[in-house]
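Fold and geometry: a report
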Amino acid sequence: MASEIKVEVIHKHTVKPSSPTPHHLRSLGLSGFDQFQPDIHIPLILFYLSSSDEFDNFDHHSLFAEKSKLLKKSLSEALTRFYPFAGKFEYNVSISCNDHGAAFLEAQVNCPISKILDKPEFSNLNQLLPTAIGAKQAEVSYLLLVQANFFECGGLAIGVSISHKVADASTFSTFIKSWAQIALGSTSTTDHVVLPAEFGVTASLFPPQDFFNSPQPTVHFPKEKCITRRFVFDASNIAALKAKAASATVPNPTRVEAVLALIWKCAMEASRSNLGFKKPSVCCQAVDMRKRSSGQAFAENILGNFVWCFTAMALESEFDFESLVAKLRKSLEEYREKYPNGVSGDVVLQTIEESGNLARDDVETYMCTSWCRFPFYETNFGWGKPSWVSIRSIEIKNMVTLMDMSDGMGIEASLTLKKDDMAMIESSKELLAYATLNPTVI
């Protein structure tokens, strides 16, 4: 089926900021948090269906040309505010904000958008992205890349890849929101316009560290044959799962706690079954420190990377569902109590030195990042809100990425596991009682 869908890139442009970056902002030093992040690009795809009026009243080419022109013009203006995204990465020290620009690709897809959204295959989705999943900046020459994919039905998918060195999910969301507001013409001088200074804040909180400048990556991800699958937990199943997760310890679990605990439990059981013995298991969950920095009014507007993680551990004998939910909640509460203003550089360095690398054989480590509650489904460039927003877990072992469904109540999980573990997960009755494996989007 993948071979039937063809995506042909017909134009490639470099979009530069609409106004040159002032000389005093031409170099942005990375913070320790930016240095710590892997040198990979994070993917996002926004899908827009065509309206019947729109398609009836325009021919293909004029419709596509009009939308492409609007996207490029508004992107150029957005890059003036988010000027580091148009720069070049100087290995783990700084971003040269030289107005190099962002890549903008236009592509035609030889099928209706409904075909892609019918039990979406990652091999097809990959074609809608401007660069490979996890690509390094040196391989693609841009920190930000966009691919506008026009379908024969008039539908549009906007694939965006951004370097993790300049953005976490919060910064990515802020950028996409600002870009869309500019396109829609709704940004006025009274709006909260991103100020240039907000890009340098984290470097003052956590200055760059020589420790991160070695050619070897700071974080070593285990390299194994892995497979990624999409599981969807709809609103009714989330409600049932939360009810099952509730206990005296955690009477009102969150959606993310309930979904992550179930995935963690089923993944541990699959791993233990395939290994033939039990290992302690750790679940590391990313936390946005903008929301956890009490007393720091500026924190919510910080751009770049301002994310850390808290960890929950399950020993060999502990993996019933309720107790895993309780462990996740307790570890978050302990994190908040220990670091009310977020972690410091010293804590980060100490954690890295203590944990060694993530490929430890004596512990099974799972990593989770949640994009829930970021307003990606509000992204309106002028032709309505997206019908589907697709994100992907980085293709490394035991990675879980969670994202809202369009109703804001369900959750989509992108899960990457070893092949033999995934084979068991795909047939797990406990997981499939609450989740559907790769259903049709619309």
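Residues numbered from 1 in each chain as written. Predicted model: local features only at pLDDT ≥ 70, side-chain atom pairs only at ≥ 80, totals over all residues. Heavy atoms only, no water.

The name given to the chain in an unreviewed UniProt entry is BAHD acyltransferase At5g47980-like, and the organism recorded there is Prunus mume. For the chain, the Sequence similarities (unreviewed entry) comment in UniProt is given as "Belongs to the plant acyltransferase family." (UniProt positions renumbered as here; feature names shortened; annotations may be inferred.)

To continue, consider the overall build of the chain. Within the chain, the secondary structure is distributed over 14 helices and 16 strands. Within the chain, buried positions represent 55% of all 442 residues. Restricting the contact set of the chain to residue pairs at least 6 apart, pairs at least 24 apart contribute 79%. Carbon and sulfur atoms make up 52% of the accessible area of the chain, which totals about 18,800 Å². (Helix = DSSP H or I, 4+ residues; strand = E, 2+ residues; numbered from the N terminus. Buried < 20%, exposed > 50% of the residue type's maximum accessible area, 1.4 Å probe, protein only. Contact = heavy atoms within 4.5 Å. Areas by Shrake-Rupley, 256 points an atom, 1.4 Å probe, with all protein chains shown as cover.)

Here the chain averages 87 in pLDDT, and 87% of its residues register 70 or above. Across the chain, strand S16 (residues 436-437) holds the top mean pLDDT of 98, while helix H2 (residues 52-57) sits lowest at 55. Here residues 188-197 is a poorly scored stretch, pLDDT under 50, and it has 8 contacts once near neighbours within four places are set aside; other chains count. (pLDDT = per-residue confidence, 0-100.)

Applying the stated criterion across every chain yields a total of 23 aromatic pairs. Ring plane angle 85 degrees and centroid distance 5.8 Å describe the contact between Phe33 and Phe306, whose orientation is recorded as edge-to-face. Placement of the pair is Phe33 in helix H1 (residues 32-36) and Phe306 in the loop between strand S10 (281-288) and strand S11 (307-314), with a sequence separation of 273 residues. Taken together, a centroid distance of 6.1 Å and an interplanar angle of 75 degrees make the contact between Phe172 and Trp371 edge-to-face. With Phe172 in helix H7 (residues 169-184) and Trp371 in the loop between strand S12 (364-370) and strand S13 (388-391), this residue pair connects regions lying 199 residues apart in the sequence. On the accessibility criterion, Phe172 (0% relative accessible area) is buried. Taken together, the ring pairs connect Tyr48, Phe82, Tyr83, Phe85, Phe175, Trp179, Phe199, Phe381 and Trp383 into an aromatic cluster. A cation over an aromatic ring shows up here: Lys67 above the ring of Trp383, its NZ or CZ 4.9 Å from the ring centre. (Phe/Tyr/Trp six-rings, centres within 6.5 Å; stacked < 30°, edge-to-face > 60°. Lys NZ or Arg CZ within 6 Å of the ring centre and 35° of its normal.)

In this section: the packing of helix H10 (residues 255-275) against helix H11 (residues 321-338). Between H10 and H11, whose axes approach to 9 Å, the crossing angle comes to 120 degrees. Considering the angle they form, H10 stands oblique to H11. The chirality of how H10 crosses H11 is right-handed. The residues of H11 that touch H10, namely those facing Glu257, Ala258, Leu260, Ala261, Leu262, Trp264, Lys265 and Met268, are Phe321, Leu324, Val325, Leu328 and Arg329. When its residues are assigned to classes, the contact of H10 with H11 shows 10 nonpolar, no polar and 3 charged. (Axes fitted to C-alpha atoms, helices over the stretch in contact; angles between N-to-C directions. Parallel < 35°, antiparallel > 145°, perpendicular 65-115°, else oblique. Left-handed = near helix turned anticlockwise from the far one by under 90°. Nonpolar A, V, L, I, M, F, W, Y, C, P; charged D, E, K, R; others polar.)

A few words on the nonpolar core. Within the largest apolar cluster, 70 residues are counted, with the highest numbers of intra-cluster contacts made by Phe47, Phe85, Leu128, Ile158, Trp179, Trp371 and Phe381. Leave out the neighbours within four places in its chain, and Phe381 touches Leu46, Tyr48, Leu70, Leu71, Ile158, Trp179, Ala180, Ala183 and Leu184. (Core = buried A, V, L, I, M, F, W, Y, C linked by side-chain atoms within 4.5 Å.)

Extensive coverage of strand S15 (residues 411-418) is indicated by the burial of 8 of its 8 residues. In this structure, strand S9 (residues 226-233) lies alongside S15, joined through 8 bridges in antiparallel fashion. Looking at S15, one finds that Phe231 is bridged to Ala413. Pairing of strand S14 (residues 399-404) with S15, which is carried by 6 bridges, proceeds in the antiparallel orientation. When the bridges of S15 are listed, Leu402 appears paired with Ala413. Between the antiparallel neighbours S14 and S15 lie 6 residues, among them Gly408 with a positive phi of about 75 degrees. (Pairing = 2+ DSSP bridges.)

Each full turn of the α-helix corresponds to 3.6 residues, which orients residues three or four apart in the same direction. Counted at 1.5 Å a residue, the expected span for H10 with its 21 residues is 30 Å, and the 30 Å between its end C-alpha atoms agrees. Burial analysis of H10 places 17 of its 21 residues in the buried class, the great majority of the element. Of the residues one or two after H10, Gly276 is the one with positive phi, at around 85 degrees. (Expected span 1.5 Å × (residues − 1).)

Okay, H7 next. Taking 1.5 Å of rise per residue, the 16 residues of H7 would be expected to cover 22 Å, and the 22 Å separating its terminal C-alpha atoms lies within 8% of that figure. For H7, the buried fraction is high: 12 of the 16 residues fall into the buried class. Buried within H7 we find Ala169, Ser170, Thr171, Phe172, Ser173, Phe175, Ile176, Ser178, Trp179, Ala180, Ile182 and Ala183. Looking one or two residues beyond H7, the residue adopting positive phi is Gly185, at roughly 75 degrees.

A few words now on the pattern of salt bridges. Under the counting rule described, the total for this entry stands at 16 salt bridges. The salt bridge involving Lys72 is made with Glu106; its shortest N-O contact spans 3.2 Å. Here Lys72, found in helix H3 (residues 60-81), pairs with Glu106, found in strand S6 (residues 102-109); they are 34 residues apart in sequence, far enough to count as distant. Lys72 sits in the partly exposed class, given a relative accessible area of 23%. A salt bridge links Glu364 to Lys397; its shortest N-O distance comes to 3.4 Å. With Glu364 in strand S12 and Lys397 in the loop between S13 and S14, this pair connects stretches of sequence that are 33 residues apart. (Salt bridge = Lys/Arg side-chain N within 4 Å of Asp/Glu carboxyl O.)

On to the sheet that holds S15. As summarised here, the arrangement of the 7 strands in space is S11-S10-S12-S14-S15-S9-S16, forming an open sheet in which the pairing is mixed. The open sheet has two edge strands with one neighbour each: S11 and S16.

In space, the 3 strands of this open sheet follow the order S2-S5-S4, with antiparallel pairing throughout. Here the strands that pair on one side only, and so sit at the sheet edges, are strand S2 (27-29) and strand S4 (88-90). Within this sheet the neighbouring strands show an average axis-to-axis angle of 25 degrees, counted without direction. Two elements, S2 and strand S5 (residues 94-96), share 3 bridges in a ladder whose sense is antiparallel. In the sheet register, Gly29 faces S5, and the bridge partner there is Ser94.

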